[in-house]
Amino acid sequence: MPIEQEAPEFTRLRQHGEKKLVFPVGVEKGVVLTACKEFLKAENELLERMHAKGGGGIEVATERSTVMDELLGRLLALALAQYEAAHGPAPCTMTLCALGGYGRAEMCPYSDVDIMFLYPVKVRAAQFPVFQKYLADNILYMLWDLGLKVGHSTRDINAAIDEARKDVQTKNALLESRRIAGSKELFQQFSETYRKFLRKDDVHKYIQDRLEDQNSRRERMGNTVFLQEPDIKQGVGGLRDYQNIRWIVRLKLDIHAIEDLLPLNYLSKEEHAAFAAAYDYLLRVRTELHLESPRATDLLDLERQPSVAWRLGYKFKDLFARVEAFMKDYYRHAQCIYVISRYLEQRLALDSAPRAGFMASIEARRNSTKTEIDGFFVQKGRLFAGHNNIFEEEPERLIRAFRHAQVMEVELSFDLRRLITQNLPRIDTRVINSPTANKAFRSILQESGQVFNTLNQMLEIGVLPRFVPEFQELVCLVQHEYYHRYTADIHTLNTIRELDKIFECGEDPILSKYNHELHRNESPTLLYLILLLHDIGKGNGIKGHAIVGAEIASTILKRMGVNPELHDKIIAVIRHHLEMARFWQHYDLDDPRTTAAFAELVGTAEVLRYLYVHTYCDARGTAEGLWNSYKDTLHAELFRQTLPLLGEKPTQPDTKTMIPIETIKVQLPELTSEEIEAHYNLLPERYFIYSSVEEIVLHLRMVNQLLMRIAESPSMGSLVPVVEWNDDLSLGLTVVHVVTWDRAGLFYKLAGALSVAGLSIVSSKALSRADHITIDTFYVCEPGGGVVRNKKSREIFATHLDAALMQNRDLMPEIEAQAKRLAKPSFLQKQERLRAPIPPSVDVYHELTLKRTIIEIQANDTIGLLYRIARAIYEHGFDITFARIATERHVAVDTFYIEPVAPGKGEDTHALLTLRESLNRIVLPQVEAAAR
């Protein structure tokens, strides 16, 4: 049926429609189209103002649907009148119906207009096909000309039922069908027929299919509400979760509104109010997201979050504060939808289960046996409360309930979850400090391989932040770092899930090695507690959170009654939990001083083993794809090198061994034994462990080619590098190998030539033989990602590298021109966006333990960034002796070891300060550019 027509808004809308959309028979289509455009433009402007003034999501979406009703009703009236004038009376009645989101009267600015032309069954009139085509053509073509996205079907009542029987999407759409215009009697007949069909349908199977669809969709969407860039419609806790409940209750209970669940005791008044408010909020966000795009989109990405937040009333000038406030509210509402919808799904599925047969009844009786414990009882795989006052009698049971469920491997019943939620205020200071409650909580954290699910339930229901108040600061905390995909609380639980996997590793070779090292410690499960607390300091800010977290953890450990002998180990791991990755990401592992400095920082082999596993879990729990085999290799190498310095030998030998020289000789019969042996003698052993046979063979051939060129060419010819390009389809990158005579400034000229070629440098490594022949490797991709498909890029690289090396040409003008060519047109750029997800910074310092001068840079990656940085280092009188380049998600994290080109020059503090100022001028302007 049409939307409520007594409201003042409808009266105004009807008057507007009468003024703009009533046409005489025979009117030209151009006149109709112009009038429709003007009508929609005026109404959309009113809707935008209504939304901007704070109109509710459902209110604005309903009004938008009413606008479409008025438009379609007028178009249908015109089409019917014109048909009658041209062909005589209509051969039958018909109804124009709204389906899906339009049927729910929940249209956003770019929602589809889903309609159905409904006709009676078995119309035999000869003119019927002409009539059908006439109406469809005159209405659909007008909608398409208006730029609307239309979903349409033409069916009689039986065809609609048949289609619903075959296709669940159609069934769901018809569940929410609504008459726009046309015959009321026909629509009533359809509604009654469809209702009878639904009553005869297999409700239990439908609900099971809906649950399977929900589970698969949620899995695709990350199985969490707390993504950094959520999908408002399809994401966990999104609009689709709410809509699925509406479909299920319509089919099972024959009710049309969620509020009708109240008298049936499926929802309390408070739950219904929160559920409805959350859905209204998400619809309001979706409306704003469409207006911002402007197109049909449901992804609330980082670029749009600042402007969407501002338009929704979060008027913080600081972008980070604005987005944090907005996303906290979004997560709170989405989590409400997720928790309540999942509760209703499970309960409705249980209530709709078919009656069992004789043998199944016998089995059910066996399973119905009660097991009583601590005021609870277990039945049919669920934990129930013995009575509703159980937590009033003993509030500590609010913690013990989760321990019982964990040990007995059962789920909390629906009613118990609700009862716990209602009793959350009983988790007060007395319970938080209760020895028995803390003993139960410590036990939860010692159940190896089974901790994540229990803590996740405690977080969902709200028990975890109540019992560990410091954890409340992490709940829904958006992390503005390029690594993090999740909020701080979900990241923490993700790390615990990774540790569960390590304890349950089976035959997995990667997980097994971490499992092995962890079990060498006296208390392997202690790492669960460490992971739970490792980011507890982030509530005070990301910067320095490890140090702050160690101080906060000290208080928590005392309150929880953790053995004092363990405190120092726990706090040491929390304080240094970022350090292991920092060392292998930034420092040269071939330098013995690196491992010596790290060993001094760690202190004991036990802490090292905790850090080794912790770093893996931390990275794996941060974002998909963050950990890879290259990082795992560096991580394992630092661990193996450090362990002997702490008085222990690795129990697991490195599976990677040095490639024998004889293997290489067989591959290179054209080279002399002396040349191959020289290669082995002039490079560190690690090169022959972590390079493949193919790489070593390639490099030896390139070195031979360079030496032949030196012997045969004039002096200038010997400066030309030997270059090889290889596509690595597994990495999705192109590997550029460069072998040449080492010289000052070589690195920045190589980087510059790659930039002029329009390529993005993802990472690089450089290795110099003792005879000053250098082997540089760059991993590059095209600006959009992937291997280098444009062969012209190689020619451009060669031309400009020759110009830079042989003619000493400055490549900066070409780099700037390339950046300009690849830049988005101004009309595609966002007006406002979050600044760099990791604060741009430049550190230039003497690392006393390593006896090195080090530069560390973090910045938004741009074309030519590496060239500008490396050139500045050279121009200030320094040479780069080691570089680790890493670019992930458009952020560059680069480390350079530098030495003065001329001995005795550039070592003073003033020279380093001057260099840092130059690097700041390169890096820091990006902050302003990114904030605009």
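Structure report, in brief. All values reported here derive from a predicted model rather than from experimental measurement. (Residues numbered from 1 in each chain as written. Predicted model: local features only at pLDDT ≥ 70, side-chain atom pairs only at ≥ 80, totals over all residues. Heavy atoms only, no water.)

## Some remarks on the overall build of the protein
Phase 1 of the analysis: Summing up its helical and strand segments, the protein has 40 helices and 16 strands in all.
Phase 2 of the analysis: Overall, the C-alpha framework of the protein stretches about 100 × 75 × 55 Å when taken along its three principal axes.
Phase 3 of the analysis: Summed over all atoms, the accessible surface of the protein reaches about 41600 Å², with 51% contributed by carbon and sulfur.
Phase 4 of the analysis: Averaging the locations of the 114 positively and 126 negatively charged side chains of the protein gives two centres separated by 5 Å. (Helix = DSSP H or I, 4+ residues; strand = E, 2+ residues; numbered from the N terminus. Areas by Shrake-Rupley, 256 points an atom, 1.4 Å probe, with all protein chains shown as cover. Lys, Arg positive; Asp, Glu negative; His and termini not counted. Charge placed at Lys NZ, Arg CZ, Asp CG, Glu CD.)

## Brief notes about the environment of Val236
Phase 1 of the analysis: Looking at the element boundaries, Val236 is found in the loop between helix H9 (203-220) and helix H10 (239-253).
Phase 2 of the analysis: For Val236, a relative accessible area of 3% gives the class buried.
Phase 3 of the analysis: Sequence spacing of Val236 and Val844 is 608 residues, and the spatial spacing of their C-alpha atoms is 44 Å.
Phase 4 of the analysis: Those residues in contact with Val236 that sit more than four places away from it in its chain are Arg218, Met221, Asn223, Thr224, Val225, Asp241, Ala334 and Tyr338. (Buried < 20%, exposed > 50% of the residue type's maximum accessible area, 1.4 Å probe, protein only. Contact = heavy atoms within 4.5 Å.)

## Some details on the packing of aromatic side chains
Phase 1 of the analysis: Under the counting rule described, the total for this entry stands at 33 aromatic pairs.
Phase 2 of the analysis: A ring pair is formed by Tyr119 and Phe131, whose centres lie 6.2 Å apart and whose planes are at 80°; its orientation type is edge-to-face. Taken together, the residues Tyr119 in strand S2 (residues 113-119) and Phe131 in helix H5 (residues 128-145) connect sequence positions 12 residues apart. Accessibility classification places Tyr119 together with Phe131 in one group, the buried group.
Phase 3 of the analysis: Ring geometry for Phe190 against Tyr194: centres 5.7 Å apart, planes inclined by 20°, an arrangement best described as stacked. Separated by 4 residues within a single helix, Phe190 and Tyr194 lie in helix H8 (residues 184-200), roughly one turn from each other. Of the two residues examined, Phe190 and Tyr194, each falls in the buried class.
Phase 4 of the analysis: Taken together, Tyr514, Trp584, Tyr612, Tyr616, Trp627 and Phe639 form an aromatic cluster joined through their ring pairs.
Phase 5 of the analysis: One Lys or Arg, Arg178, reaches over the ring of Tyr102 and ends 5.2 Å from the middle of that ring.
Phase 6 of the analysis: Sitting over the face of the ring of Phe452, Arg497 holds its NZ or CZ atom 4.4 Å from the ring centroid. (Phe/Tyr/Trp six-rings, centres within 6.5 Å; stacked < 30°, edge-to-face > 60°. Lys NZ or Arg CZ within 6 Å of the ring centre and 35° of its normal.)

## Thoughts on the pairing of S2
Phase 1 of the analysis: Buried residues dominate S2, accounting for 6 of its 7 residues.
Phase 2 of the analysis: As judged from the 4 bridges shared by strand S1 (residues 95-98) and S2, these two strands associate in the antiparallel manner. Bridge pairing in S2 links Thr95 to Leu118.
Phase 3 of the analysis: The pairing of S2 with strand S3 (residues 150-156) spans 7 bridges and is classified as parallel. Residue pairing for S3: Asp114 is matched across the bridge by Gly151.
Phase 4 of the analysis: With H5 bridging S2 and its parallel neighbour S3, the resulting β-α-β unit is right-handed. (Pairing = 2+ DSSP bridges. Right-handed = clockwise from strand over helix to strand, strands pointing away.)

## A short note on the packing of helix H22 (residues 488-503) against helix H23 (residues 509-518)
The packing of two helices is summarised by the inter-axis angle and the distance between the axes.
Phase 1 of the analysis: Contact geometry for H22 and H23: axes closest at 8 Å, N-to-C directions at 90°. Taken together, the axes of H22 and H23 are roughly perpendicular relative to one another. Seen from H22, the contacting residues are Leu499, Lys501, Ile502 and Phe503; seen from H23, they are Leu511, Tyr514, Asn515 and Leu518.
Phase 2 of the analysis: A per-class count over the contact of H22 with H23 returns 6 nonpolar, 1 polar and 1 charged. (Axes fitted to C-alpha atoms, helices over the stretch in contact; angles between N-to-C directions. Parallel < 35°, antiparallel > 145°, perpendicular 65-115°, else oblique. Nonpolar A, V, L, I, M, F, W, Y, C, P; charged D, E, K, R; others polar.)

## Here we look at helix H28 (residues 592-602)
Phase 1 of the analysis: Buried residues of H28: Thr594, Thr595, Ala597, Phe598, Ala599 and Val602, and no others.
Phase 2 of the analysis: Of the surrounding secondary structure, the elements contacted by the buried residues of H28 are helix H27 (579-586), helix H29 (605-620), helix H30 (629-642) and strand S16 (891-900).
Phase 3 of the analysis: Backbone nitrogen of Arg593 and a side-chain oxygen of the N-cap are separated by 3.0 Å at the start of H28; the cap is Asp591.
Phase 4 of the analysis: Immediately downstream of H28, the backbone of Gly603 shows phi near 95°, a positive value. (Polar contact = N/O pair within 3.5 Å; in protein donor to acceptor, adjacent residues only side chain to side chain.)

## Some remarks on the sheet that holds strand S6 (residues 376-379)
Phase 1 of the analysis: A sheet is described by the order of its strands in space; here 4 strands give the open sequence S5-S6-S7-S8, paired in mixed fashion. In the strand order of this sheet, the two ends are held by strand S5 (371-373) and strand S8 (411-412), each with one partner.
Phase 2 of the analysis: Across 3 bridges, S5 lies against S6 in antiparallel orientation. From the neighbouring strand, Ile373 faces S6, where its bridge partner is Phe376.
Phase 3 of the analysis: The sheet contacts of helix H16 (residues 397-408) involve S5, S6, strand S7 (382-385) and S8, and relative to S6 the element is tilted by about 30°.

## A closer look at empty space enclosed by the protein
Sizing a probe to match a water molecule and rolling it over the atoms shows the empty space that remains.
Phase 1 of the analysis: Scanning the model with the defined rule gives 2 cavities of 30 Å³ or more in all.
Phase 2 of the analysis: Breaking the lining of the largest cavity down by element, the ones donating at least two residues are strand S11 (760-768), helix H38 (865-875), strand S15 (878-888) and S16.
Phase 3 of the analysis: Grouping the constituent residues of the lining of the largest cavity by class yields 7 nonpolar, 5 polar and 2 charged.
Phase 4 of the analysis: Computed from the structure, the second largest cavity encloses a volume of approximately 40 Å³. (1 Å grid on protein atoms, 1.4 Å probe; cavity = no way out; pocket = protein on both sides within 12 Å on 5 of 7 lines; lining within 4 Å. Points joined across faces, edges and corners; volume = space filled by probe spheres on them.)

## A few points about a nonpolar patch on the surface
Phase 1 of the analysis: The grouping of Leu707, Ile710 and Trp741 at the surface amounts to a nonpolar patch, some 230 Å² of accessible area in total.
Phase 2 of the analysis: Structurally, the position occupied by Leu707 is in helix H34 (residues 693-712). (Patch = residues over 30% accessible without salt bridge, like charges linked within 9 Å, V, L, I, M, F, W, Y side chains within 5 Å. Salt bridge = Lys/Arg side-chain N within 4 Å of Asp/Glu carboxyl O.)

## Comments concerning the pattern of salt bridges
Phase 1 of the analysis: In the structure shown here, the tally under the stated rule is 57 salt bridges.
Phase 2 of the analysis: One salt-bridge network, in which partners are shared between bridges, spans Asp374, Glu393, Glu394, Arg397 and Arg400.

## Overview of the sheet that holds S1
Phase 1 of the analysis: Pairing in this open sheet of 4 strands is mixed, and the strands run S3-S2-S1-S4 from one edge to the other. Either end of the sheet is taken by a strand with one partner, and the two such strands are S3 and strand S4 (178-182). Pairs of neighbouring strands in the sheet enclose a mean axial angle of 25°, with direction left out of account.

## Side note on unusual backbone geometry
Phase 1 of the analysis: Positive phi, normally seen in glycine, also occurs at Cys476, with a value near 60°.
Phase 2 of the analysis: Inspection of the secondary structure assignment puts Cys476 in the loop between helix H21 (463-467) and H22.

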